[in-house]
Amino acid sequence: MAKEVSMIVSWNGGLVEEGEISISAFDPMLLRGQGVFETVRVVDGEPRFWGEHFERLSRSGDSLIPEMPKREVLESQIQEVVEANELKNSRVRVTLGTNLLITAEPLEDDIPIVNVAIADHWPVNERSPLVGIKCTSYAENMRILRQFGTGEVIRSNTRGELCEGCISNVFFVKEGRIYTPSLETGCLPGVMRSQVIRRNRVEEGKWPLEILLEADEIWLSNAIRRLRCVSILDGKEMPPPSDFFWEVRHKIP
């Protein structure tokens, strides 16, 4: 369905209608996906955990983009886009390559459960030079999501270890304890992942992908959806979210 409302975006520091952007046919991000991005949850006009998002954007951009804007400049431009679109609560994406694009969209409905599939035949390459980088070359993740048609797909790495989802970090609960794959597995250092770890006792480690079949609960985290509980795993219905899940979720602003 076509979008009815044209949004205002920030393009290289100036506010324009989304259809007014002009990009070179030879732009490296367009041709090769040579860029980085962050997606930020804005609530009551405030970009949540912006400091952590900026730090990861800076790390990701070190070897991929020509120049990193200052933190306060990007934050000011985020505020301008949010205000221009009159969005108090929004999903903001900062995309940085040869050009700088900041977009804002209405925040999605807060749905705390998700249907998930497992893909053990399309592993994450934990030895890739892009490990830990939130790169605009996201076609692999999008293809896997479309192939399965679920809200998320959980993947192993090349060693068969539980790693991450296409757009989420993974936690699992066993006998009241929370576990999550360590960064050594090749998973992205998610901003929301770090918030969950900071506010709770979480054990980081390496486990085979099959450990999920033994879990009491499986949780997924990302910056926009915060923390969600898996309701269906590979077609199998999981128990409803526990009080423990809600307790952990409510700790995250």
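Model, not experiment: these values are computed from the prediction.

Draft legend 1. Geometry of a nonpolar patch on the surface. Taken together, the side chains of Ile23, Phe26, Leu30 and Leu31 make up a nonpolar region of the molecular surface, amounting to roughly 450 Å² of accessible area. Mapped onto the secondary structure, Leu30 falls in helix 1 (residues 28-32).

Draft legend 2. A look at the pairing of strand 8 (residues 152-157). The element strand 8 is extensively covered by neighbouring structure, given that six of its six residues are classed as buried. Of the two faces of strand 8, the one holding Glu152, Ile154 and Ser156 and the one holding Val153, Arg155 and Asn157 are both buried throughout. Inspection of the sheet shows strand 7 (residues 113-124) paired to strand 8 by five bridges, in the parallel sense. Bridge pairing links Ile118 to Ile154 in strand 8. Since strand 7 and strand 8 lie parallel, the crossover through helix 4 (residues 139-148) that links them has a hand, and here it is right-handed. Taken together, the three bridges between strand 8 and strand 9 (residues 162-165) define a ladder with antiparallel strand orientation.

Draft legend 3. Here's a closer look at the side chain of Thr39. Relative to the elements of secondary structure, Thr39 occurs in strand 3 (residues 36-43). Given the relative accessible area of 8%, Thr39 is considered buried. Once you skip the residues sitting within four places of it in the chain, Thr39 turns out to touch His53, Arg91, Val92, Arg93, Ala223 and Ile224.

Draft legend 4. View of unusual backbone geometry. One non-glycine residue, Asp44, lies in positive phi territory at about 55°. Here Asp44 is to be found in the loop between strand 3 and strand 4 (46-47). Take Asp44: its relative accessible area is 52%, and that puts it in the exposed class. Unlike most non-glycine residues, Glu175 shows phi in positive territory, near 50°. Positionally, Glu175 belongs in the loop between strand 10 (169-174) and strand 11 (177-181).

Draft legend 5. A look at helix 3 (residues 71-84). Taking 1.5 Å of rise per residue, the 14 residues of helix 3 would be expected to cover 20 Å, and the 20 Å separating its terminal C-alpha atoms lies within 8% of that figure. Within helix 3, the full set of buried residues consists of Leu74, Gln77, Ile78, Val81 and Val82. Buried residues along helix 3 cover an arc of 135° about the axis, so they all sit on one side. For helix 3, exposure combined with an orientation more than 90 degrees from the buried face picks out Glu72 and Glu83. Positive phi appears at Glu86, one or two residues downstream of helix 3, with a value of about 50°.

Draft legend 6. Geometry of the nonpolar core. Judged by nonpolar contacts, the single largest core of 22 residues is most densely connected at Val36, Leu74, Ile78, Val92, Val94 and Ile102. For this core, the secondary structure elements donating two or more residues are strand 3, helix 2 (50-61), helix 3, strand 5 (90-96) and strand 6 (100-106). Sequence-distant contacts of Ile78, defined by excluding residues within four places in its chain, comprise Pro47, Trp50, Val92, Val94 and Ile102. Core analysis: the second largest hydrophobic core is formed by 18 residues, Val116, Ile118, Ile211 and Ala215 among them.

Draft legend 7. Structural view of the sheet that holds strand 5. Taken together, six strands build an open sheet; the order of strands is 2-1-6-5-3-4 and the sheet is antiparallel. The sheet is open, and its two borders are formed by strand 2 (14-17) and strand 4, each paired with just one other strand. Here strand 3 pairs with strand 4 via two bridges, running antiparallel. By the bridge assignment for strand 4, Val43 is matched with Glu46. The sheet strands contacting helix 2 are strand 3, strand 4 and strand 5, and the helix crosses strand 3 at an angle near 175°. Where helix 3 meets the sheet, its contacts fall on strand 1 (8-11), strand 2, strand 3, strand 4, strand 5 and strand 6, and the angle it forms with strand 6 comes to roughly 40°.

Thresholds, definitions, all that
Residues numbered from 1 in each chain as written. Predicted model: local features only at pLDDT ≥ 70, side-chain atom pairs only at ≥ 80, totals over all residues. Heavy atoms only, no water. Patch = residues over 30% accessible without salt bridge, like charges linked within 9 Å, V, L, I, M, F, W, Y side chains within 5 Å. Areas by Shrake-Rupley, 256 points an atom, 1.4 Å probe, with all protein chains shown as cover. Salt bridge = Lys/Arg side-chain N within 4 Å of Asp/Glu carboxyl O. Helix = DSSP H or I, 4+ residues; strand = E, 2+ residues; numbered from the N terminus. Buried < 20%, exposed > 50% of the residue type's maximum accessible area, 1.4 Å probe, protein only. Pairing = 2+ DSSP bridges. Right-handed = clockwise from strand over helix to strand, strands pointing away. Contact = heavy atoms within 4.5 Å. Expected span 1.5 Å × (residues − 1). Arc of directions from axis to C-beta. Core = buried A, V, L, I, M, F, W, Y, C linked by side-chain atoms within 4.5 Å. Axes fitted to C-alpha atoms, helices over the stretch in contact; angles between N-to-C directions.

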